[in-house]
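Structural overview
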Amino acid sequence: MLADIVVLFTHNCLLRQSASAQKKDAQYKLPAVNYRAIIHRMSKLVKITLSLIISILLIGVAAYFFAQQNTNATPGSKARLMPPKPLTAFQLTAHDLKPLNIERLKGKWTLLFFGYTHCPDVCPTTLTELAQVSQQLPPDVLSNTQFVLVSVDPQRDSPKSLAEYVSYFDESFLAATGSITALTAFARQLDSKFDLETDPVGEPVVNHSSAMLLIDPQARYYARFKAPHYAEEIRTQYLTLRNRYSPTSP
Amino acid sequence: MRFAKTFLSVFLLLLVSSTSATGKFEVHDAWVREAPPKTNVTAAYLTLYNHSLRVYTLARLSSPDFKRVEMHRTEQHDNMTKMLPVPQVILNSKDHIVFQPGGMHLMLIDPKKRFRVGDNITLTLFFTDEGSTENSIEISLPVKKAMVDNSHGMHHNQHDSHSHQH
């Protein structure tokens with residue numbers, strides 16, 4: 001293919017040279033360039049080459065756009081990080097009062113997102129979708145998958161209250177929180193952030209990153225799924241990424 | 001004959017525009033998300049129709065079952081989720097507005113008790129028209145557990161929600 005292109009390119013150059021040579025000739029004889037005459041004078045080979053170049057260009061452009069569309073259609077292809085980013089040490093407190101740290105992420109796939117319990121709309125919606133994902137995963141996949149809500153509102157969300165909160169959606173769900181410093185550092189590792197404000201009535205307002213993060217069994221930040229989150233999409237993307245996963249290659 | 005036609009249309013127009021609060025508004029797909037434990041907030045969702053020829057502004061809501069009711073909008077962009085207060089909503093003539101998960105919603109704050117699936121919550125919506133006259137409707141919303149529907153973004157529970165108006 002490459003050789004073909006080189007050949008065609010050379011042909012193209014030669015063609016241009018001959019065309020410009022002809023052009024020069026034409027300029028001496030006639031004030032206006034007669035392109036029709038030039039084309040007429042071209043050899044059959046040159047005509048075929050020219051057609052080939054144009055065809056290849058057109059097909060190339062079409063293929064490019066097709067490939068672009070295909071990328072969009074392939075689940076997970078855009079979500080994956082290349083290469084995965086190993087997480088560094090962090091410590092949060094989980095709903096069971098045990099630490100949530102690197103060790104707890106190892107050996108399992110983790111789907112994690114940031115939120116808080118005093119969130120009336122999007123957090124319970126996401127947790128409902130995740131509960132659906134959990135119900136629909138094949139048992140062998142589910143057995144090494146964990147779902148984690150990280151609360152960025154530690155003032156109002158204690159590990160104990162988080163335990164009651166997440167188990168309402170699914171008994172197996174994990175939740176964790178920590179100091180603002182620990183949470184900020186952990187969020188940064190996952191390209192996420194949050195900020196805490198106060199509304200005019202004095203109620204805290206929590207803004208947080210909306211992406212769902214996927215961490216692989218080697219505790220590497222592996223993929224991110226953009227909001228809004230739908231069970232079906234999360235499940236498909238997750239399964240696709242898992243199927244292509246090889247622990248040794250990046 | 002021509003006069004009769006004109007008269008009839010003017011009469012009908014007047015009739016429609018002078019209808020009392022009842023019938024002006026219609027509420028569909030109304031439900032309240034059952035609050036998970038350990039939270040004092042939840043959300044109500046509904047579709048609100050304005051059948052009248054007037055433009056109304058929805059700016060105030062109240063409930064005997066909650067301390068406060070506010071309108072909010074969840075906004076997700078640049079990988080940030082924000083909840084923005086919506087001070088008022090314009091409800092155009094013959095138009096409707098949708099409060100739904102992940103979008104505009106009614107935030108119910110500080111319940112009088114923990115409401116569970118099967119309970120109903122009363123909500124009063126206060127509207128003002130161009131002449132600043134206040135109208136209100138009272139609706140009753142069933143408490144439900146959110147369910148995942150496989151069609152994107154359609155999480156509301158259809159067919160079995162109800163409303164009544166005063």
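Conventions adopted
- Residues numbered from 1 in each chain as written.
- Chains lettered and ligands numbered in written order.
- Predicted model: local features only at pLDDT ≥ 70, side-chain atom pairs only at ≥ 80, totals over all residues.
- Heavy atoms only, no water.
- Core = buried A, V, L, I, M, F, W, Y, C linked by side-chain atoms within 4.5 Å.
- Buried < 20%, exposed > 50% of the residue type's maximum accessible area, 1.4 Å probe, protein only.
- Helix = DSSP H or I, 4+ residues; strand = E, 2+ residues; numbered from the N terminus.
- Contact = heavy atoms within 4.5 Å.
- Salt bridge = Lys/Arg side-chain N within 4 Å of Asp/Glu carboxyl O.
- Pairing = 2+ DSSP bridges.
- Axes fitted to C-alpha atoms, helices over the stretch in contact; angles between N-to-C directions.

We now examine the nonpolar core. Leu112, Phe114, Leu190, Leu214 and Phe225 of chain A are the most contacted members of the largest nonpolar core, which has 60 residues in total. In terms of residue count, helix α5 (residues 122–136) of chain A provides more of this core than any other element does, six residues in total. Beyond its immediate chain neighbours, meaning those up to four positions away, Leu112 of chain A contacts Val148, Val150, Phe186, Leu190, Ala211, Met212, Leu213 and Ile215 of chain A. Judged by nonpolar contacts, the second largest core, of 30 residues, contains Leu58, Met71, Val86 and Ile97 of chain B.

As a further point, take unusual backbone geometry. Most peptide bonds are trans, and most residues other than glycine sit at a negative phi. Backbone torsion omega between Met82 of chain A and Pro83 of chain A reads -10°, so that peptide bond is classified as cis. Here Pro83 of chain A is to be found in strand β1 (residues 80–86). Residue Pro228 of chain A follows Ala227 of chain A across a cis peptide bond; omega there is -5°. Relative to the helices and strands, Pro228 of chain A is located in the loop between β10 (220–225) and α9 (231–244). Even without being glycine, Leu97 of chain A reaches a positive phi, approximately 70°. Relative to the helices and strands, Leu97 of chain A is located in the loop between β2 (91–94) and β3 (99–101). You will see that Asn79 of chain B, though not glycine, has its phi angle at about 55°, which is positive. In this fold, Asn79 of chain B is placed in the loop between β4 (66–77) and β5 (80–85). Under the relative-accessibility criterion, Asn79 of chain B is labelled partly exposed at 23%.

Now for the pattern of salt bridges. All told, the structure shown has 12 salt bridges over all chains when counted by the stated rule. A salt bridge links Asp96 of chain A to Arg104 of chain A; the shortest N-O distance between them is 2.6 Å. The exposure class assigned to Asp96 of chain A is partly exposed, which follows from its relative accessible area of 28%. Ionic pairing is found between Asp129 of chain B and Arg54 of chain B, a salt bridge with its closest N-O pair at 3.1 Å. Linking Asp129 of chain B in the loop between β9 (120–128) and β10 (134–144) with Arg54 of chain B in the loop between β2 (41–50) and β3 (56–62), this pair joins segments that are 75 residues apart in sequence. Accessibility expressed as a relative area gives 11% for Asp129 of chain B, which makes it buried.

Our focus in this paragraph is the sheet that holds strand β6 (residues 174–177) of chain A. Residues and elements named next belong to chain A. Taken together, the eight strands give an open sheet; going across it, the order is β1-β10-β9-β4-β5-β6-β2-β3, and neighbouring strands pair in mixed fashion. The sheet terminates laterally at β1 and β3, the two strands that pair on one side only. This sheet shows a mean twist of 35° between the axes of neighbouring strands, independent of strand direction. The pairing of β2 with β6 spans two bridges and is classified as antiparallel. Of the residues in β6, the one forming a bridge with Ala94 is Ala176. Contacting β4 (109–115), β5 (145–151) and β9 (212–215), α5 runs over the sheet at an angle of about 165° to β4. The strands that α9 touches are β1, β4, β5, β9 and β10; relative to β10, the one it contacts most, it runs at about 145°.

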